Amino acid sequence: MNRQLLHTPEGVRDIYGKEYARKLAVEDLIHDRLRLYGYQDIQTPTFEFFDVFSREIGTTSSRELYKFFDKEGNTLVLRPDFTPSMARCAAKYFMDEDIPIRFCYAGNTFTNTGSLQGKLKEVTQMGAELIGDGSVQADGEMIALVVESLLEAGLKDFQVSIGQMEYFKGICAQAGLDEQTENELRSLISDKNIFGAEELLTGRGVAQSYCKMLLKVSEHFGSVEVLNEAKGLVNNPRSLEAVRRLENLYRVLQSYGVAKYVSFDLGMLSKYNYYTGIIFKAYTYGVGEPVVKGGRYDRLLGYFGKKAPAVGFAIVVDDLMSALERQKACAYEEDEIRVLTYHASDYEEKLLEARKLRAKGIRTVLRPDL
Ligand SMILES: N[C@@H](Cc1c[nH]c[nH+]1)C(=O)O
């Protein structure tokens, strides 16, 4: 027999039995929470035209996309990220809608990353997008929904760390950085590679005072007090406004009763280019990767022809399941399955019994007695 036939490629896996039952149960709990806030389910295709995920969109880089061709020669992509698909749908079906739209979804995403550290290349994401509402209250709703969804799933110890793209961008603009330098710097700072960042800035001849400000960005993380420190460091209106927005957000989160789950990190930057305002990640122990990622993307819909602000998040269900597993926090217990065996002589009788049990909602297997 060909052993290879039983294996799956690196980065993808089968999920079955109790593990899958628990995953589905957690998805149900989260789904109920999203629906409770009025989010409407939407399903988009697993693959789309390449242009939906192209460089200008600002999602996963082209070399990490799974690309292939259809018979007509179009380049297609397995979705690496739901957000561009949601933006496309909002533009396609709600072009003239002014009332905010709330989408929620669940499905798998695909990224062709290196096989480092056993990272999965296919993961299940569940997410929500609030389109057409640029307010701080909308930002607050998203963070509250993240906290409530994680609590619902059974997670207790976690933190949602919140950053603001505009804080960093305000300093970059003041320092006169070109787009490429800004992008390189963003990636270095988000990797916490401060030496690399320093080298880049001195190499590009950026004035000392701005270098200092930019390098300090990564030091502003912690509880709400860091916002005050961050305000003291900058003097450009864009960055100051960004901090003010975070202060207002904190007030909204207090009203939701979820403030104790949040902290701030002004050095948090995303590898995605489409974020324009808050960005956030939820961390817990047991997994190195964030279990939730999200943020505001007020310009993305513009690529699809609709001018509308938007904010959203995605829960990486597989990482959440690993965390719940390690923390022994998955409360779900599967119903037992009753087994009825039959012989040719008593099949009718056993079948009747099985039907009665199933009618009462009891999981029942009927099988021949071997
Ligand atoms: N799609 C983003 C998360 C997100 C949803 N909406 C806004 N951001 C991600 O996969 O990281």
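Attention here is on the structure that accompanies the text. (Residues numbered from 1 in each chain as written. Predicted model: local features only at pLDDT ≥ 70, side-chain atom pairs only at ≥ 80, totals over all residues. Heavy atoms only, no water.)

Describing a nonpolar patch on the surface
A cluster of nonpolar side chains, Ile 337, Val 339 and Val 365, forms an exposed patch at the surface whose accessible area comes to about 210 Å². Structurally, Val 365 can be placed in strand E14 (residues 364-368). (Patch = residues over 30% accessible without salt bridge, like charges linked within 9 Å, V, L, I, M, F, W, Y side chains within 5 Å. Areas by Shrake-Rupley, 256 points an atom, 1.4 Å probe, with all protein chains shown as cover. Salt bridge = Lys/Arg side-chain N within 4 Å of Asp/Glu carboxyl O. Helix = DSSP H or I, 4+ residues; strand = E, 2+ residues; numbered from the N terminus.)

Regarding the nonpolar core
Judged by nonpolar contacts, the single largest core of 103 residues is most densely connected at Val 160, Ile 162, Phe 313 and Leu 320. The greatest single-element share of this core, amounting to ten residues, is contributed by helix H3 (residues 136-153). (Core = buried A, V, L, I, M, F, W, Y, C linked by side-chain atoms within 4.5 Å. Buried < 20%, exposed > 50% of the residue type's maximum accessible area, 1.4 Å probe, protein only.)

Here we look at the packing of helix H6 (residues 194-203) against helix H7 (residues 208-216)
The contact between H6 and H7 brings their axes to 10 Å, and the two run at 155°. Between H6 and H7, the interaxial angle falls into the category roughly antiparallel. The interaxial crossing formed by H6 with H7 has right-handed handedness. Every residue of H7 that contacts H6 at Ile 194, Ala 197, Glu 198, Leu 201 and Thr 202 is listed here: Gln 208, Cys 211, Leu 214 and Leu 215. Residue composition of the contact of H6 with H7, by class: six nonpolar, two polar and one charged. (Axes fitted to C-alpha atoms, helices over the stretch in contact; angles between N-to-C directions. Parallel < 35°, antiparallel > 145°, perpendicular 65-115°, else oblique. Left-handed = near helix turned anticlockwise from the far one by under 90°. Contact = heavy atoms within 4.5 Å. Nonpolar A, V, L, I, M, F, W, Y, C, P; charged D, E, K, R; others polar.)

Comments concerning empty space enclosed by the protein
Throughout the structure, instances matching the rule amount to one cavity of 30 Å³ or more. Reported here for the largest cavity is a volume of approximately 130 Å³. Lining of the largest cavity is provided by 17 residues; of these, Asp 81, Thr 83, Tyr 274, Tyr 275 and Ala 314 occupy positions nearest its centre. Taken together, the residues of the lining of the largest cavity break down into nine nonpolar, five polar and three charged. (1 Å grid on protein atoms, 1.4 Å probe; cavity = no way out; pocket = protein on both sides within 12 Å on 5 of 7 lines; lining within 4 Å. Points joined across faces, edges and corners; volume = space filled by probe spheres on them.)

Remarks on the sheet that holds strand E4 (residues 75-78)
As summarised here, the arrangement of the three strands in space is E2-E4-E3, forming an open sheet in which the pairing is antiparallel. Taken across any chain shown, the strands that pair with only one partner, and hence form the sheet edges, are strand E2 (47-49) and strand E3 (66-69). Mean inter-strand twist for the sheet, computed between neighbouring axes without regard to direction, equals 35°. Sheet topology places E3 next to E4; four bridges connect them, and they run antiparallel. (Pairing = 2+ DSSP bridges.)

Things to note about the environment of Ile 362
As for its position among the elements, Ile 362 is in the loop between helix H11 (347-359) and E14. For Ile 362 and Ala 90, which are 272 residues apart along the polypeptide, the C-alpha to C-alpha distance reads 42 Å. Aside from chain neighbours lying at most four places away, what touches Ile 362 is Arg 338 and Leu 357.

Describing H6
Buried within H6 we find Gly 196, Ala 197, Leu 200 and Leu 201. Buried residues along H6 cover an arc of 130° about the axis, so they all sit on one side. Within H6, the exposed residues directed more than 90 degrees away from the buried face are Phe 195, Glu 199 and Gly 203. Looking at the residues trailing H6, positive phi occurs at Gly 205, about 70°. (Arc of directions from axis to C-beta.)

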